[in-house]
Structure formats: C-alpha cells, structure tokens
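Structural characterization, general
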Amino acid sequence: MMSNINNIVLPGHFNPKTDKWSDYKEQLLCALDAAGYGEQNIDKARSLFLSQCGKETYGLIVSLLVPHRPTEVEFSQILQVLDKFYEPEINEILQTEKFHKRHQLQSESIQDFVAAVSLLAVKCNFSDLQRQLRDRLVLGVNDVRLKRELLRTKDLTYESALQLCLNYQATWLDLYPDTKVQKQTPFHVSEPMEIGRIKSNDCRHCGKLHKTGERCPFAKARCYFCKRYGHIASACAKRLAKVHQTTECGEGSLKSLPEEMLGVYNCGENNLPVIKAEVRIDGVNLSMEIDSGASRTIISEETYHKLWVTPPPLIPTNIKLVTWTREPLKVLGLANVRASLGGKEAQCELLVITGKGPSLLGRNWFKPLAIHISGLCWTYDELTSLTNKFPNLFKNDLGEYTGPEVSLHVRPEMPPKYFKARPVPFPLKQQVETTLIQMIDDGVLTPVKYSKWATPIRVVKKEDGSLRICGDYRATVNVSINTDTYPLPTSAEAFAKLSGGRVFSKLDLKQAYTQVKVDKETANLLTLNTHMGLMRMNRLAFGVSAAPAIFQRLMSTAFANMEGVACLLDDIAVCGKNMEEHNGRLCMVLGKLDSMGFRLNFKKCVFASDSITFLGHMIDGEGLHPSPLKVKEIKEKPAPQNKVSLRAFLGLYNFYEKFLPDKATILEPLYRLLDSKQPWMWSVVEQVAFDKAKVFYHRI
C-alpha cells in the first residue's frame, strides 16, 4: 500500500558542491521507500527523481545517457551512471596516504576527529582496521599530554584509547569551560581578518597564543639568545629589539642577521609585529606570515628540508616570482600539499624558493583556507551581499527610468531637417551593424520607413574597444530646440560635498542618457539615418545639447538631501567618515537608483576605497590631489610644434592650476606666443618656460 506522496519529504535538488552523492542517494531511496516505491516498483520512482534533482543534475544525466533520454532507461541505470560519475573507483594507496596524514585540527573535537578518521579508513580496506584506527588516534591527537598518556597505557585497544580521549576531553572542559566554544588560534578564521585590529595576546614565554587556563611549557625554558630563563628566543625582548635596529651592513654581515631581518620591514620604535598563523602542512605544524601582497604561498629551501623527514617531491614549474623591488626569485619547484587551518583543510600548491627567509602564506591559499581580509576595502563576500541586496541594479540589460518621459520642444519657426546617412569606414562596418542591432534589441532604436527628421550618426570608440553610436545633432536638433538652462554643478561644489570623507565609493551608470525614455514626438525628432536605414531614437541621446541639463536636473533632484553624495551627470561619488557611515549612505544611494529603474556598470564602480578618481582628481582622506594619469600625460608631453598643439598643452596644464603657484609668471612666454600678431618661433626662452612648467608637475 502506497503512502500519500504529499506527506513524504524528498531530499530536493542535488548540489554536487555541497552534497555527497552516496548520502543523497541513500536519503532519496529511503524517501521513495517510505512513499511506497520499493524494490518491486522502483522504476516508477524515476519521474519523481528527475523532477526533484534540479536542472544541473538533470542536464548531467542527459549527457551521460546519450544517445538515450532519461525517460527511456530504467531508474537503476540512472543511479549506476551517477555512481560512476560522482564516486569513481577509489585508489586504496592514495586513500591510505590521506589516512596516515590525518591529524586532529586545532578546533576539532575528539568525536569529529574520530568520525573523520573512520570515514577515511573505510576507503582503505584495511585487514586490521581496529589497530589502524587505534594508531591513527594515538598519533593524530594534538594534545601532547594526552598522547603521552595514551602511549604509557599497556595493552591499549582502539575502544580503550577512544574512551581515554573522551574522558580527557570531558575533564578538560569541566576545568576550563571557556574553551568549550572554540580553541584560540592566531586569528578567528570564521570571521574576516581585520588587519590593524588584531589584539596581541601572545604569551611572554613563547610568543604564541594559548587557550584559557593553559600553562606555557616554556615558562622555565632558557633562551639561547640572552641566556636567561623564563622564555625562548622567539619571545626574547632583546632579540626582537635587535632585529628592528637599522644598521649599514654589507653582504657578509647579512648572513649573521636573524631570519626576520631578510624581509621588508618598517624600522622604528612603533614597528608592528607580523601577522602569523600556525598552519598544518601534511601533518606538520609550520608558523607562516600572512602576506596579502604575495600572490603565491612560499617556503624557503631550508624550511623545506627541515620540515619533513621525507619531503614531498617537487614538480618542475615555469612560475616566475619577483620581489617588491623586481628582483627575481629562484623557484626550485612546486609541491602539492594538504594544508589545514582553523578547521579548514584543502589541497594547495606550495612553492619552494632557494635560500633562507620567512614562510609566506599568500593569496592563493586564502580562499581554500577561508581566510578573509577586511579593512578599507570590501571582500568578495561583501560585494556579493551588495549585489544580492540590489539584484536589478547590477543586471546586464539596459535600465529604464521609471519617471516621466522626456520631451524636447522645437521652436515654431524651425522646419524639419533631414540629412542623408554618412558612409561607415569598412573596417568598422561589421561592428557598427552589430551595435545597431543590439540597440534595437535593447529598445533604444526602432527601424522606421519614413521620418521628417533625420540625423547622421557618429561612431565613437570607447576605451574597452566597444562603440558608442550617437547622432551628429549639431546641424539638426541642437539648432532647432529650446535649450534647457539647468546649471551643471562646478567641480568645486562637488568636491565640497565630499569634504571630510575617509571611505569612498564611485558609481557609474550604464549608458547613462539611454536609460531615460523620450515621448513619441521627441523620438521622431531624434531619428538617426544609418546605412541600415532610418531608426527612431526611443531614449535620450548623446549629442543632444539639452541632454546634460535634463539628466543633471533628474540626478540632482534625486540626491538633493543626501549628505556625502556628489553627482555630476552619470558619475556619482559617495563618502563617509568611517565604514559604517559610508555603508549607510551607499545603501541609500543604491536604493534610490534601484527605485528609479537605473542600471550600474559594475566593472567601472569602486566600492569602499580609501581613494577614488572623480572629475579628473584623486580624492582621499587627506584631501584633493591631481590624477596620476593626467600628471603622467603632462610630464610626457613633447614640446609643441605649432600654436594648435601649444594651446592644447596649456589647456591640459591649466586643468590643475589650483595646485600650481606662480603659474602666470612661468607660462608668460608661452601665452605671448599665442598672440595672433606674433609669428610662431619656438626659441630657447619658450623651451625654458616649457621645461620649468613641467618641473612643477614633477613635484606633485
């Protein structure tokens, strides 16, 4: 008798990233059995499974069963092909290696460790399973005192070893209840690591962290550096003070310096200690410096030979590494190791470098070991949270302003103007046609057969290689309409709104004007004449003289009462005195843009940065600065060859006149040369003035 399927809870979609196929399969068969689909009619469960497994798994089943369809084969055959795909034949030798390298993680309980070891042992097919489990349990526990107690016990069996471990753990938790939640590690890896906020609770005897109530084993040790008792060399105050002294030393004296001196450090009284973590690599603990500036995780050749009794084999690699000063590092090879930190374990790539030096935990291990850095920049998770909160705002399609349509008013005395299409350069023809078709698909353009107004197109190539197609409205629409008089804010007004900010974000609207719809009469007025025919412009177009004022009025009205927000056309800057204030203002701005129906160009947006480039200037917590790119452009400008190139240079130079004292005096010979009555003659006087003007930019 079958049960009501509505009362049966099926396991749902299968996610290969988070679900284990064997467990999912067992749950599925149990649910189907409870629903009345036993071995006698198991094939009837096929439809239930295919409707529940999810699109990704269904697509995989289709590809594995080609040329047959999933509905053409028996349910048992579907399970068989998935078994082979998700759980291929196990190599017992490799599984045995994993079993023998498994150690108890720093925050792992005895129960979790035993469960993990037991799962590994099942795949090894041991003939003496109980002995192997006993040995792995004894040799794999972290606590040295517990391991010593286990080794002292005679006739130790797996059951008695497990009971001893559980009793020891329970006793420890009773004595020190604060350690029940977690063991202290160099930093809490379940939360983003905040550089600069990590409190130093290092032990004065060994320089490392201990769990609450634990006595340091080096409390009575003798330091080999200062020969005093009570600490070891890694926590020696005299040794650390000597490390941070600055001395002029030659190549020979470098060899006598401690290992820490071979890195790049700030030397001074306020020098901060490096951020370290105890990482377990192939069963061996190694203290590593966390270096977000290093793209790869590296250890020295010396560490490589000292760390293991039998080091893992090195694989030849073509990877090239350089130091901060661009000096090359000799890479001996690459090793695939099993690394664990704070409960996270993963297979990672480790590079071995010649010579001596600290072990660096680079960015390629951050994601596998769940290491996050939070500071004056957002992590990937924070950006993902933002895009999930405003999904419509970051869509790839073109936005559509939810407000009223825009109207352009033609003066009564102006007749319609019709210009024929201009030829398109042959190398750009295919790209222009593709862009026009995309604009039609986005609803920006609509092909028409007739129009009183027609404007030829202009093709502008963007920095990313794509094209912007707009109309050359100078001789058609711009001379015929009433110009909108809404004033654009000056750069000084925009910068004043960002005054006092420490954290900045910059937002860029996708194809700004084209997100604003126009009414039918204005659409006919803006019709483009292309080599593919007439096309009516349904959105506010680039090149229309009234467009900037219309768009600025719209944006200024939206953000009129928002503090720390500056907007000039499609560029929006948001600032805050701290991260909390910045995030609050940013969410308000994003919420407003979302309600207005706009879309953002995610690639051009900058979030939670300590500096942004806005309106040709770099803005940070210290104030306003010239943009490094524009300064570089001025520095590299060659001497002008005529009045046109001289006028262009002066226009670029004067963009940052507020930063240039005595500008008029320095540039006086160059301005004199622009006099219409003055013939062009570039002499030593002009060259000296030109060179002197560029010297000021070299000081910026």
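Above this text is the structure in question.
All values derive from a computational prediction rather than experimental measurement.

Let's talk about the nonpolar core
Where a protein is soluble and globular, its nonpolar side chains tend to be buried together. Ranked by size, the top nonpolar core spans 61 residues in total, and within it Leu507, Met555, Phe559, Ile572, Leu593 and Phe598 carry the most contacts. Secondary-structure elements contributing two or more residues to this core are α14 (426-441), β13 (467-471), α16 (520-525), β16 (533-537), α17 (547-558), β17 (565-568), β18 (571-576) and α18 (579-595). Of all the elements, α17 adds the most residues to this core, at six residues. Once residues within four sequence positions are removed from consideration, methionine 555 is found in contact with Leu509, Cys567, Leu569, Ile572, Leu593 and Phe598. In this structure, Ala277, Leu286, Phe366 and Ile371 belong to the second largest nonpolar core, which totals 23 residues.

Some remarks on the sheet that holds β16
The strand order across the open sheet built from five strands is β11-β16-β15-β12-β13, with neighbouring strands paired in mixed fashion. Unpaired on one side and paired on the other, β11 (445-447) and β13 mark the two borders of the sheet. Going from strand to strand, the sheet's axes swing by 40 degrees on average, the running direction of each strand aside. The pairing of strand β12 (residues 455-461) with strand β15 (residues 528-530) spans two bridges and is parallel. Looking at β15, one finds that proline 456 is bridged to asparagine 529. Relative to β13, α14 is tilted by about 70 degrees, and along the sheet it contacts β11, β12, β13, β15 and β16.

Describing the layout of surface pockets
Size it by volume and the second largest pocket reaches roughly 1,600 Å³. Listing elements by their share of the lining of the second largest pocket, those giving two or more residues are α14, β13, β14 (503-508), β20 (611-614) and α19 (628-635).

Section: the pairing of strand β2 (residues 276-281)
Among the six residues that make up β2, five are buried, leaving the element largely enclosed by the rest of the structure. Relative to strand β3 (residues 284-290), β2 is paired through six bridges, and the arrangement is antiparallel. The residue bridging arginine 280 from the neighbouring strand is asparagine 285, located in β3. Connecting β2 to the antiparallel partner β3 that follows it, the hairpin turn spans two residues, and aspartate 282 within it adopts a positive phi of roughly 50 degrees. Pairing of β2 with strand β7 (residues 331-341) involves two bridges; the strand directions are antiparallel. Its bridge partner lying in β7, isoleucine 281 is registered against alanine 339.

Rules used in this analysis
- Counting starts from 1 at the beginning of each chain's written sequence and moves along it residue by residue.
- Local features in a predicted model are, by the rule used here, given only for residues with pLDDT of at least 70; side-chain atom pairs are given and counted only at 80 or more, and totals for whole chains, interfaces and linings are based on all residues.
- Only hydrogens and water are set aside when side-chain values are computed; all heavy atoms of the structure are taken into account.
- What makes a nonpolar core is a set of buried Ala, Val, Leu, Ile, Met, Phe, Trp, Tyr and Cys residues whose side-chain atoms join them at distances within 4.5 Å.
- Partly exposed describes any residue whose relative accessible area lies between the buried limit of under 20% and the exposed limit of over 50%, with all areas from a 1.4 Å probe on protein chains only and scaled to the type maximum.
- To qualify as a helix, a DSSP run of H or I must reach at least 4 residues; to qualify as a strand, a run of E must reach at least 2; elements of each kind are numbered from the N terminus.
- Contacts were defined at the residue level, with two residues in contact if any of their heavy atoms lie within 4.5 Å.
- DSSP-based pairing: two strands are paired if at least 2 bridges between them are found.
- Here an angle of 0 to 180 degrees is reported between the N-to-C directions of two axes, which are lines fitted to C-alpha atoms, with helices fitted over the stretch in contact.
- Buriedness for pockets is judged along seven lines, at least five of which must meet protein on both sides within 12 Å for an open set on the 1 Å grid over protein atoms alone, while cavities are sets there where a 1.4 Å probe fits but cannot get out, and lining residues have an atom within 4 Å of a point.
- Grid points are joined across faces, edges and corners, and a volume is the space filled by probe spheres set on the points.

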